Amino acid sequence: MNNTLVTPGTLYIVATPIGNLADITQRAIDILTQVDIIACEDTRHTGKLLSAFAIKNRTMSMHDHNERQRQEQIASLLQEGKSIALVSDAGTPLISDPGFHLVRHCRSLDLHVSPVPGACAAISALSVAGLPTDRFSFEGFLPSKSGARQTVLKSLEHEERTMVFYDAPRRAIDTLKDIVETLGGDRYVVIARELTKTFETIHSDTADNFVSWLEQDPNQLKGEMVLIIEGHKADMNAISPQVIKTLTLLLSEMKPKKACAIAAEIHGVKKNALYDIALSLK
């Protein structure tokens, strides 16, 4: 064990493994061992993690349904000089998990909030997806009902960044059908399922092909899932030849971001519409 010492009056946001327990960091173990209290989404779930690393510490529940009540209690404990760790059931807290209201409340009181980095399902999936990672958007959980889900997807039809979602595998077929309906069957999709676990699966294909793949393998409809969708590709035919010529000349002298900004200003077009084109020309 390291000689890590917690700072009194500090709330630590501690990332925990998303599956493979070996992914926990030594600092996370030290912090969870040394803080006065561990606030967790599910005390029973976190209890198994603590037991695996022989950590015996006091826990309290803090989840979606009691966060507003707990934030006052936790803030008071921090003001008394107690150190507290916040964990979710898996991964990095606050990323589609409870904790936002608590952190905002603590920061409004000038209390110290410190991250203890580690696993995050969204970032882990993105790193192996084979889609652009220089610009991406995290969209959280998709709605469970098809109508609401299609509304969300339709609003992202022209989003050029790679899009990362959490979704339940049991409704993956319905979700992929909604993607076909709203974004088109040729949109490239990646599903990363059960990351770091025994049955880890990372599969990529067009939305059309994905539906039949899922229908043929019911095992892919189990566990935890990250859904990644390719961003909208700018149509070079929609940009005038004059703009393309200007952009090409600028790219020979400068980086794509600056070239796009200058070309957009010269021709009165949106620079975001030029970025994918710039990358293809580069």
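Quick summary incoming for the structure in this document. (Residues numbered from 1 in each chain as written. Predicted model: local features only at pLDDT ≥ 70, side-chain atom pairs only at ≥ 80, totals over all residues. Heavy atoms only, no water.)

### Here we look at the environment of T206
Rules: Under the scheme used here, helices are H or I runs from DSSP no shorter than 4 residues and strands are E runs no shorter than 2 residues, and both carry numbers assigned from the N terminus. Contacts: residue pairs with any heavy atoms within 4.5 Å of one another.
Here T206 lies in strand β9 (residues 201–206). Once the C-alpha coordinates of T206 and V190 are considered, the two residues, 16 residues apart in sequence, prove to be 8.6 Å apart. In this view, T206 contacts G185, D186, R187 and Y188; residues no more than four positions away in its chain are not counted.

### As for the packing of aromatic side chains
We apply this condition: Pairs were defined over the aromatic rings of Phe, Tyr and Trp, the Trp ring being its six-membered one, requiring ring centres within 6.5 Å. Orientation was assigned from the angle between planes: stacked under 30 degrees, edge-to-face over 60, tilted for the rest. Residue burial is assigned from relative accessible area. The probe radius is 1.4 Å, only protein chains are included, and a residue is buried under 20% of its type maximum, exposed over 50%, and partly exposed in between. Lysine NZ or arginine CZ positioned within 6 Å of the ring centre and within 35 degrees of the ring normal marks a charge as sitting over the ring.
Enumeration over the complete set of coordinates arrives at 3 aromatic pairs. Pairing F210 with W213 gives two aromatic rings, centres 5.6 Å apart and planes at 85°, and the pair type is edge-to-face. Note that F210 and W213 are positioned in helix α8 (residues 207–216) at a spacing of 3 residues, about one turn of the helix. The exposure class of F210 is buried, given its relative accessible area of 0%. An aromatic cluster of at least three residues, connected via ring pairs, comprises F138, F141 and Y166. In this structure, R135 is placed above the aromatic ring of Y275, and the distance from its NZ or CZ to the ring centre is 5.4 Å.

### Quick word on the side chain of T46
Examined against the element boundaries, T46 turns out to sit in helix α2 (residues 43–52). Excluding residues that lie within four positions of it along the chain, T46 makes contacts with C40, V87 and S88.

### Describing the pattern of salt bridges
Worth spelling out the cut-off: Between Lys or Arg on one side and Asp or Glu on the other, a salt bridge is scored when a side-chain nitrogen of the former is within 4 Å of a carboxyl oxygen of the latter.
This structure, assessed with the given rule, holds 8 salt bridges. K154 serves as the salt-bridge partner of E157, at 3.1 Å between the closest nitrogen and oxygen. Judged by its relative accessible area of 45%, K154 falls in the partly exposed class. Of the charged contacts in the structure, one is a salt bridge between K197 and E194, with a shortest N-O distance of 3.6 Å. Taking the relative accessible area as the measure of exposure, E194 reaches 15% and is therefore buried.

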